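Below are the chains, spelled out letter by letter.
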Amino acid sequence: MIKKALFLIGVIAFIGCKDQQTTVAESKKEAIAKSTKDYAKFVNPIIGTSKMGHTFPGATAPFGMVQLSPQTNMEVMFKEDGSYNSKTYEYCAGYQYKDTTIVGFAHTNFSGTGHSDLGDFLVMPTTGDLVLDPLKTASDEKGFYSTFSHDTEEASPGYYKVDLEDYKIKAELTASDRVGFHKYTFPESQEAHILLDLVYNVYHHNDKNVWTFIRVENDTLVTGYRQTRGWARTKKVFFAMTFSKPFKSYGHKNYDNAKYNGFYRRFNEEENFPEMAGKNIRAYFNFDTKKDEEIKVKFALSPVSTDGAMKNLVAEIPHWDFNQTKTETKEKWNAELSKIDATLLTEADTETFYTALYHTMLSPILYEDVDGKYRGLDQNIHESDGFTNYTIFSLWDTYRALHPLFNVIQQERNNDMIKSMLAHHDESVHKMLPIWSHYANENWCMIGYHATSVIADAKVKNVGDFDVNHALKASVNTAKVPYFDGLGDYIKYKYVPDNKSHSSVSKTLELAYDDWCIAQIAKEAGDKDAEVEFLERATYYENVYNAKIGYMSPKLADGTFRKDFDPLDTHGQGFIEGNAWNYGLYVPHELDKMVAMMGGKERFSQHLDSLFTMELDDKYIAKHEDITRDGIIGNYVHGNEPGHHIPYLYNWTGKEYKTQERVRMIMRTMYGPGVDGLCGNDDAGQMSAWYIFSSLGFYPVTPGSDRYALGSPLVKEAVLNLENGKQLTIKTINQSEKNVYVSKVTINEKEINRNYILHEELMNGGELIFEMSQTPKKEK
């Protein structure tokens, strides 16, 4: 125990020497408002854990590094014949509500993504004979999983509880920002075990683990790391694990087929040997337990080192009081959720609203240690200076509504996130902003360079103190990398040729919008040349509009439109996760021009009507796991992001009442309080952000503009507690289930005779009042 004491004293001494970084962290803790209202009780983390939602029910702090959550199955990514195992997709968050088994509790999980990774450091308590295989043993006997019942399952912000029926163990989980805290209540046993599975991964494949390493520092402290090669090509996560009770013995099993082990062959490494290393290992720690004895485990993460993990552990949870951490994390959640104090029509609506708000605060996540150190994209260790570093940027999804929502209620964090993106650029050998990044890796998922949208939206709305010239340089650098995903051809041809790149139309539309965003950044920076250059590039969407058929269409390098084109098909037609009917309506920066180009207001309105009412045959969506019937209304796909602005496009046709109808209908049919209360992947909070904005009565159709399109609010009243110290109170008069139409809008007693509201008007606070009616207010 002397070794452990000296180790902890050194860590505490180091933390005590920190100056400015600690002061900032402490001031943030002191700033957490202890609201008298318990908003956390309205949150149900089980929402979205069924089918396509891909959310997790476990314990986490707001934007926390740790997502400590049950894993209900282990599906490998590839079948024995090498083909893709489609069942893997169900387990993007490691959990499916339909399951009745738990294989353990992992410390890292994505929320709502449509591809996956993570699932690091699976911990599982068991009793009886030691079993180290999760599902089946080599002799075809039961693995270490346990059955469970939802009747004993409890989930709330920062807390998760379940009974592991096979072992008569009650498992409870909570978490601080960087530390997972387990509490296991055991039966009487001389064969109690806590397993540490470093084989398990979400989206596991045989070559995913590059290396794993464990050190048993003493009889209560274990440290180590894992490096994986998955969606993130070079991901390293370090840990420090400490037990409330000394284990009596320990060991591990190595699943490698290594032919050379050097002079380690001198030892019996499998039992009570304090070093464990290999690609695939599972460790175990043995205990004697009395009836109802509690064994607690604190499990700290670090992107830097085991030393960093220890510093995080000591700084955040220096005690063994599980309830204290649970309470502190709940207070953090209440502080964040209190930023919108909403009253809705029903209790079910309240649960849906606050769970959606909760889901918007699960990522991006904190990605630095308490001393400010983090692993950069260059795999070197950096220290944040003047910002807190974040990761998990699902930007193709989240630029649309999540980051704009942060510009209303999370301005300080969004500023830090933008600075994290700029740091990513500086560390990038490509000199690019993040496309889709996580854990010090660019994974290159999806299309466009939407960090430019996040930056433009913040700058235009006067959010943050990031360097606009740095941001412009990073954006321009990103937009001129010729080998990135059709970008060189886009620059050469002024569109992406379909015979040179997949998803050519979607890329052209998204790149044109991103270039418009760069022009807005250039305007704010006073760089006229860059502004002119990128405004011209922002018109390139015109080059893929086929006026003969009235659709955005795939165009070949020779300048002709592709002949074999089906505007209904979502596969192989130049669009990614959409078709020409819906994705083809994506010109958010020049909507008036798009409407005119597509035949004018009346014809465009008719197109929207047809989009929502037509029937789309299953054959058109059969090849996409991201598009399912659960998220489709006609040919409108709400379960996927490219169409989220579409219900608001009636505002550009003079038929605002139809926007109001559609928005309310979508909130009623695509969201709800049940386990299947999300109609598609929550996509790192984007789906939920749409619901929050729409419930409040407005939506950012064009991020990078200071305008929000008006819709039909679902709230009866909502008070936004803004970071500038002001309050915006949104009120509705005559609000009801049937009164979905808006007859009048006023802000601070001044009537708004337009179909949008300005960001500045929101930030000035006061009262925004919607007068609701059962009768639509049609154009005269």
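Predicted, not measured: the structure shown is a model, and the values here were computed from it.

Moving on, we come to the overall build of the chain. For the chain, the helix and strand inventory stands at 18 helices and 38 strands. For a compact globule of 780 residues, the expected C-alpha radius of gyration is about 28 Å, and the chain comes in at 26 Å, within 12% of that figure. For the chain, the spread of C-alpha atoms along the principal axes amounts to about 85 × 60 × 50 Å. Expressed as a percentage of its 780 residues, the buried residues of the chain come to 64%. Nonlocal contacts in the chain, meaning residues at least 24 apart in sequence, comprise 70% of its contacts between residues at least 6 apart. Put simply, the chain shows about 28,900 Å² of open surface, and 48% of that area lies on carbon and sulfur atoms.

Between Ser 363 and the following residue, Pro 364, the backbone shows a cis peptide bond with an omega angle of -5 degrees. Following the sequence through the fold, Pro 364 ends up in the loop between α5 (347-359) and β20 (365-366). The phi angle at Met 446 is positive, at roughly 70 degrees, despite the residue not being glycine. You can see Met 446 is positioned in the loop between β26 (441-442) and α9 (451-460). Located in the positive-phi region is Asp 485, a residue other than glycine, with phi close to 45 degrees. Take Asp 485: it is sitting in the loop between α10 (468-478) and α11 (487-493).

This model, assessed by the stated rule, comprises 46 aromatic pairs. Aromatic pair Trp 231 and Trp 436: ring centres 4.5 Å apart, planes at 50 degrees, arrangement tilted. Taken as a pair, Trp 231 in the loop between β13 (221-228) and β14 (235-243) and Trp 436 in strand β25 (residues 436-438) lie far apart in primary sequence, 205 residues in all. Judged by centre distance (6.4 Å) and plane angle (65 degrees), the ring pair of Tyr 648 and Trp 690 falls under edge-to-face. Here Trp 690 lies in helix α17 (residues 686-696) and Tyr 648 lies in the loop between β30 (636-637) and α16 (656-669), a separation of 42 residues in the sequence. Neither Tyr 648 nor Trp 690 differs from the other in exposure class; each is buried.

The axes of two packed helices give the description: the angle between them and the distance between them. Between helix α7 (residues 402-409) and helix α8 (residues 411-427), the least distance of the axes is 6 Å, while the angle of their chain directions is 130 degrees. Comparing the axis directions of α7 and α8 gives the class oblique. Residue-level contacts link His 403, Phe 406, Asn 407, Val 408 and Ile 409 of α7 to Gln 411, Asn 414, Met 417 and Met 421 of α8. Across the contact of α7 with α8, the residue classes tally to 5 nonpolar, 4 polar and no charged.

Our next topic: the side chain of Glu 368. Considering the arrangement of structural elements, one finds Glu 368 in the loop between β20 and β21 (373-375). Polar contacts involving the side chain of Glu 368 include one to the side chain of Ser 384, which spans 2.7 Å.

Another aspect to go through is the pattern of salt bridges. Taken as a whole and assessed by the stated rule, the structure comprises 42 salt bridges. The salt bridge involving Lys 136 is made with Asp 140; its shortest N-O contact spans 3.6 Å. For the pair formed by Lys 136 and Asp 140, the shared burial category is exposed. Across the pair Arg 178 and Glu 316 runs a salt bridge whose closest N-O atoms are separated by 2.6 Å. Here Arg 178, found in the loop between β9 (169-175) and β10 (179-186), pairs with Glu 316, found in helix α3 (residues 306-316); they are 138 residues apart in sequence, far enough to count as distant. Take Arg 178 and Glu 316: they sit in the same class, and that class is buried. What emerges from the salt-bridge pattern is a single network uniting Glu 336, Lys 339, Arg 413 and Glu 723.

Further remarks concern the environment of Leu 720. Mapping Leu 720 onto the fold places it in strand β33 (residues 717-721). Under the relative-accessibility criterion, Leu 720 is labelled buried at 1%. Considering only alpha carbons, one finds Leu 720 and Phe 243, 477 residues apart in sequence, at a separation of 42 Å.

Looking now at the layout of surface pockets. Considering only enclosed or pocket space, the second largest pocket measures out at about 450 Å³ in volume. Along the walls of the second largest pocket sit 20 residues, with Glu 656, Val 742, Arg 754, Asn 755 and Lys 777 positioned nearest its centre. With 4 residues, the single largest contributor to the lining of the second largest pocket is strand β35 (residues 741-747).

Moving on to empty space enclosed by the protein. Scanning the model with the defined rule gives 7 cavities of 30 Å³ or more in all. Here the largest cavity is characterised by a volume of approximately 130 Å³. Along its surface, the largest cavity is lined by 16 residues, and Asn 389, Tyr 390, Thr 391, His 424 and Ala 440 are the ones closest to its centre. Looking at the lining of the largest cavity, the elements that each hand over two or more residues are β21, β23 (390-391) and α8. No other element matches α8, which puts 4 residues into the lining of the largest cavity. Across the lining of the largest cavity, the residue classes tally to 7 nonpolar, 7 polar and 2 charged.

The interhelical angle for the contact between α7 and α17, taken along N-to-C directions, is 50 degrees, at an axis separation of 8 Å. Taken together, α7 and α17 sit at an angle that is classed as oblique. Crossing of α7 against α17: the hand is left-handed. Between α7, through Leu 402, Pro 404, Leu 405 and Val 408, and α17, the contact on the second element is made entirely by Gln 686, Ala 689, Ile 692 and Phe 693.

Strand order across the open sheet formed by 6 strands is β19-β33-β34-β38-β35-β36, with mixed pairing between neighbours. Each end of this open sheet is capped by a strand with a single partner; those strands are β19 (340-343) and β36 (750-751).

What follows deals with the pairing of strand β16 (residues 275-278). Side chains Met 276 and Gly 278 project from β16 onto a buried face, and the interleaved Glu 275 and Ala 277 project onto a face without burial. With 4 bridges connecting them, strand β12 (residues 209-216) and β16 associate as antiparallel partners. Bridge pairing in β16 places Ile 214 opposite Met 276.

The next point concerns the nonpolar core. By size, the foremost hydrophobic cluster in this structure holds 214 residues, and its most contacted members are Leu 196 and Leu 768. For this core, the element with the most residues is helix α12 (residues 504-525), which contributes 11 residues. Not counting residues within four places of it along the chain, the set of residues in contact with Leu 196 comprises Phe 121, Leu 122, Val 123, Ile 214, Phe 239, Met 241, Ile 281, Arg 282, Ala 283, Phe 285 and Phe 299. Core analysis: the second largest hydrophobic core is formed by 12 residues, Val 179, Ala 309, Met 310 and Leu 313 among them.

Moving on to the confidence of the model for the chain. For the chain, mean pLDDT is 94; residues scoring 70 or higher make up 95% of the total. Long-range and interchain partners of residues 12-34, a stretch whose pLDDT sits below 50, account for 24 contacts in this model, where long-range means more than four residues apart.

What counts and what doesn't
- Here the residue numbering is sequential within each chain, running from 1 through the sequence in written order.
- The predicted nature of this model means local features are confined to residues of pLDDT at least 70 and side-chain atom pairs, given and counted, to a pLDDT of 80 or more, with totals for whole chains, interfaces and linings taken over all residues.
- Here the side-chain values reflect all heavy atoms present in the structure, with hydrogen atoms and water set aside.
- Secondary structure is summarised from DSSP: a helix means a run of H or I of at least four residues, a strand means a run of E of at least two, and numbering begins at the N terminus for each.
- Two things to know: the radius of gyration comes from C-alpha atoms, and the globule rule equals 2.2 Å times the number of residues to the power 0.38.
- Relative accessibility thresholds used throughout: buried, under 20% of the residue-type maximum; exposed, over 50%; partly exposed, between the two (1.4 Å probe, protein chains only).
- Contacts are assigned to residue pairs with any non-hydrogen atoms lying within 4.5 Å of each other.
- Note on areas: Shrake-Rupley, 1.4 Å probe, and residue coverage restricted to the protein chains presented here.
- Within 6.5 Å between ring centres, the rings of Phe, Tyr and Trp (the latter by its six-membered ring) count as paired, and their orientation is classed by plane angle as stacked under 30 degrees, edge-to-face over 60, tilted in between.
- Axis definition: a line fitted to C-alpha atoms, over the contacting stretch in the case of helices. Angles run 0 to 180 degrees between N-to-C directions.
- Orientation categories follow fixed angle ranges, with anything under 35 degrees roughly parallel, anything over 145 roughly antiparallel, 65 to 115 roughly perpendicular, and all other angles oblique.
- All amino acids are sorted into three groups, where Ala, Val, Leu, Ile, Met, Phe, Trp, Tyr, Cys and Pro are nonpolar, Asp, Glu, Lys and Arg are charged, and the leftover types, Gly among them, are polar.
- Think of a polar contact as two N or O atoms within 3.5 Å of one another; within protein, one of them needs to be a possible hydrogen donor and the other a possible acceptor, and neighboring residues in sequence only count if both atoms come from side chains.
- The salt bridge criterion pairs a side-chain nitrogen of Lys or Arg with a carboxyl oxygen of Asp or Glu, the two atoms within 4 Å.
- Any residue with an atom within 4 Å of a point lines the site, the site being either a cavity, points on a 1 Å grid over the protein atoms alone where a 1.4 Å probe fits but cannot get out, or a pocket, an open set with protein on both sides within 12 Å along at least 5 of 7 lines.
- Grid points are joined across faces, edges and corners, and a volume is the space filled by probe spheres set on the points.
- Should the near helix be turned counterclockwise from the far one by less than a right angle, the crossing is left-handed, whereas a clockwise turn marks it as right-handed.
- Only strands that DSSP links by at least two bridges are regarded as paired with each other.
- Definition used in this section: a nonpolar core is a set of buried Ala, Val, Leu, Ile, Met, Phe, Trp, Tyr and Cys residues joined via side-chain atoms within 4.5 Å.
- Residue-level confidence of the predictor, termed pLDDT, takes values from 0 up to 100.

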